[in-house]
Every structure is written in C-alpha cells, then in structure tokens.
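# Secondary and tertiary structure notes
Listed below are the residues making up each chain.
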Amino acid sequence: LAGCEAALQVASKNIPVTLYEQKPANRSKAHRLDTFAELVCSNSLKSLDRLTASGLLKQELLTLGCKLIQIAFDIKIPSGSALSVDRKVFSAKVTDLIKSNSLITVINQRIGELNFDCPTIIATGPLTDGKLYQTLWDMCGQYLNFFDAVSPIVSKESLDFDHCFLADRYDKTEDNKIENGSYINCPLSKDEYFEFYNQLINARQVAFKEWDNINYFEGCMPIEA
Ligand SMILES: Cc1cc2nc3c(=O)[nH]c(=O)nc-3n(C[C@H](O)[C@H](O)[C@H](O)COP(=O)(O)OP(=O)(O)OC[C@H]3O[C@@H](n4cnc5c(N)ncnc54)[C@H](O)[C@@H]3O)c2cc1C
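Below: a short report on this structure. Position numbers for residues start from 1 in each chain and track the written sequence from start to end. Selection of residues for local features in this predicted model requires a pLDDT of at least 70, selection of side-chain atom pairs for listing and counting requires 80 or more, and totals for whole chains, interfaces and linings are taken over all residues. In computing side-chain properties, one takes all heavy atoms of the structure into account and sets aside hydrogens as well as water.

## Considerations on the overall build of the protein
Condition: The helix and strand labels rest on DSSP assignments: H or I over at least four residues marks a helix, E over at least two residues marks a strand, and numbering proceeds from the N terminus. Relative accessibility decides the category of a residue: with a 1.4 Å probe and only protein chains considered, values under 20% of the type maximum give buried, values over 50% give exposed, and everything between is partly exposed. For this analysis, residues touch if any pair of their heavy atoms sits within 4.5 Å.
Looking only at helices and strands, the protein has six helices and six strands in total. When the elements of the protein are put in sequence order from the N terminus, they spell out α-β-β-α-α-β-α-β-α-β-β-α. Looking at the protein residue by residue over its 225 residues, the buried ones come to 25%. A sequence separation of at least 24 residues applies to 56% of the contacts in the protein between residues at least 6 apart.

## Describing the packing of helix α1 (residues 2-12) against helix α4 (residues 87-99)
Selection rule: Between N-to-C directions, angles cover 0 to 180 degrees, with each direction set by a line fitted to C-alpha atoms, over the stretch in contact for helices. Here a crossing is taken to be left-handed if its near helix is turned anticlockwise relative to the far helix by less than a right angle, and right-handed if that turn runs clockwise. When residues are sorted by character, Ala, Val, Leu, Ile, Met, Phe, Trp, Tyr, Cys and Pro go into the nonpolar class, Asp, Glu, Lys and Arg into the charged class, and all the rest, Gly among them, into the polar class.
At a closest axis distance of 10 Å, the pairing of α1 and α4 adopts a crossing angle of 35 degrees. When you trace α1 past α4, the crossing you get is left-handed. Taking contact as the criterion, the partners of C4, A7 and L8 in α1 are, on α4, V94, L97 and I98. Within the contact of α1 with α4, the residues separate by chemical class into six nonpolar, no polar and no charged.

## A look at the nonpolar core
Heads up, the rule is: Residues belong to a common nonpolar core when they are buried Ala, Val, Leu, Ile, Met, Phe, Trp, Tyr or Cys residues joined through side-chain atoms within 4.5 Å.
Core analysis: the biggest nonpolar cluster contains 23 residues, and C4, L68, F90, V94, I98 and I104 have the highest contact counts within it. Looking at this core, the element that brings in the most residues is helix α3 (residues 67-74), giving five residues. The residues contacting L68, other than those within four sequence positions of it, are L1, C4, E5, L8, A37, F90 and V94.

## Re the side chain of S91
With respect to the helices and strands, the residue S91 is situated in helix α4. Apart from residues lying up to four places away in sequence, S91 is in contact with L33, T35, F36, A37 and E38.

## Thoughts on α1
Restricting attention to buried positions, one finds in α1 the residues G3, C4, E5, A6, A7, L8 and A11. Of the surrounding secondary structure, the elements contacted by the buried residues of α1 are β1 (17-21), α3, α4 and β4 (104-108). Phi turns positive one or two residues past the end of α1, at N14, with a value near 70 degrees.

## Looking at unusual backbone geometry
Residue P24 is reached from K23 by a cis peptide bond, and omega for that bond is 0 degrees. Phi is positive for A37, which is not a glycine, with a value near 45 degrees. In this structure, A37 sits in the loop between β1 and β2 (44-47). The phi angle at K46 is positive, at roughly 70 degrees, despite the residue not being glycine. Examined against the element boundaries, K46 turns out to sit in strand β2.

## Description of the packing of aromatic side chains
Rule in force here: Think of it this way: a Phe, Tyr or Trp ring, Trp meaning its six-membered ring, pairs with another when their centres are within 6.5 Å, and the plane angle makes it stacked under 30 degrees, edge-to-face over 60, tilted otherwise.
On inspection of all chains with the given rule, the structure shows two aromatic pairs. Relative to F194, the ring of Y193 lies with its centre 5.5 Å away and its plane at 70 degrees, an arrangement referred to as edge-to-face. Note on F194: relative accessible area 43%, which makes it partly exposed.

## Overview of the environment of K76
Positionally, K76 belongs in the loop between α3 and β3 (82-84). For K76, a relative accessible area of 29% puts it in the partly exposed group. Distance in space between the C-alpha atoms of K76 and V89 is 9.7 Å, their sequence separation being 13 residues.

## Quick notes on the pattern of salt bridges
Put simply, the test is: Salt bridges, as used here, are contacts in which a Lys or Arg side-chain nitrogen is within 4 Å of a carboxyl oxygen on Asp or Glu.
A full pass over the atoms with the stated rule returns four salt bridges. The salt bridge involving D129 is made with R110; its shortest N-O contact spans 3.1 Å. With D129 in the loop between β4 and α5 (131-139) and R110 in the loop between β4 and α5, the pair connects residues that are 19 residues apart, well separated along the chain. A relative accessible area of 36% places R110 in the partly exposed class.

## What about the environment of Q109?
Within the secondary structure, Q109 sits in the loop between β4 and α5. Look at Q109 and you get partly exposed, because its relative accessible area is 41%. Distance in space between the C-alpha atoms of Q109 and N26 is 8.3 Å, their sequence separation being 83 residues. Contacts of Q109, omitting those with residues within four sequence positions, involve Y20, E21 and Q22.

As structure tokens, then:
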C-alpha cells in the first residue's frame, strides 16, 4: 500500500522510480495475491463520516491527491457509512496503475541489503521479510515491533436469516442509496447473549502458528508506571 502510493506520487512529479517487490517468488505468511497493494487486513477502510478522525483523514487524502484512496472510492462496495473495497479488485486496479506507468520499473526481487546510492523509500510493511528485517532491526536500535489480532470471519452460510436483518450502523446509510442496509445484524435476547458468550469463551481455540508466537516486544524498554 505505502510503497505503491509512494511510487505513484514520485512518478507523478516526473521522476523515474524503480519499485522492488518480493512477490510472487517470496511472500509473507499473510500475503496470498501476486498483485500489489494487498489488503491482508480488514477490507473496511473505516468511516466516511467527516466528523470522525478516519473520515476526515480520507477527505484530506483525496484533497492531497492520494492515488490509492481515489481507487478505493472508485470501486467501493456497500458498507453503510464506511468505505470498503473488494480486496482483489482493489489490488488489481492498483497493479494496473503501477504497470501502466512508464516511469515505474518493477523488479520482482527480495531485498536484503539497503543501498542508499539514490533516494530510497522503504515500505515493506509490518511483515518485512528476510534479511531486510534484520537490517531494519539493527538500524532502528533493535526496536521493531508489530502486534495485531486476526479477525474472526463468520460465513454467511452459517447464519439463519429467519433471525437476521439488514441495517446500517446507527441508522446511517450513505447517501440513502442502499435501501435495506449493508450489514447483517444478528439480534440476541439477554439469555441468548449469555449463551453466546459462554459458547465463545469455552470454544476450541485456534492454535498459535509459529509466526503468531513471535515476541514482538522483546528488547522493548519496560514502560515506567
Ligand atoms: C494479519 C494482519 C492483520 C492486519 N489487520 C489490520 C486491520 O484489520 N486494519 C489495519 O488497519 N491494519 C491491519 N494490519 C496492518 C496492515 O498490514 C497494514 O495496515 C498495511 O497492510 C500495511 O501496509 P504497508 O504498505 O506498510 O505494507 P504491505 O501492504 O504489507 O506491503 C509491504 C510489501 O513489501 C513486500 N516486501 C516485504 N519484505 C520485502 C523484502 N525484503 N523485499 C522486497 N519486498 C518486500 C511485501 O511483499 C508487500 O507487498 C494487519 C496486518 C497483518 C499482518
């Protein structure tokens, strides 16, 4: 995401760019697609409401000529007052824009060492791969941490639509375009809620994968009380 935006912005100033990307030969455990700007996270870019921090930020990005947010607006899918995209469509559109830009040369290669012979932007994200992780770790004084939770996904097929209804959050429907709302709501009575809670906390747990178990805070200074 950041690397694509940076490449497009630099190229828009008529400056040639060489963009290195390790995919498809190498990829992190979270990346699946061969294309650029892959949202490994939620497909929601959060609120469009300008009275929220994230809504205002999106408007500011648009005003400043951000290329990726413009693509997100162009291809947005219904999600009430939030801006959401189809990950694959978003990634394909960004890839088209990068590949059709004659000032951007793409080299599919994993970078290990950094060479500062020319201005360099490093945008390898929280899952920076290979030797470069160690290089950055050393450069940052050994404070290089990332922590996130994996979102649970509930499949539509598992829901009983006799009990669900469509509505948007806080009754907000963007431009009143979507009649019945774009979120599936699953109402629960008090007893059902407690039953759900008990089932959830006693459910089988997903085992940590090797890469989930990394101590991201190793080497961090303890926070003083
Ligand atoms: C499992 C998971 C869940 C997340 N959930 C959320 C969420 O719900 N909401 C949220 O806002 N954020 C979430 N994040 C954070 C999210 O990753 C970032 O918000 C966003 O994707 C970071 O964008 P980026 O451009 O910095 O990095 P990325 O989009 O990851 O891009 C980095 C690129 O660099 C390439 N690369 C890496 N190492 C090398 C190398 N050595 N040489 C060459 N290329 C390399 C990668 O292949 C990748 O294409 C999540 C992250 C993970 C891992």
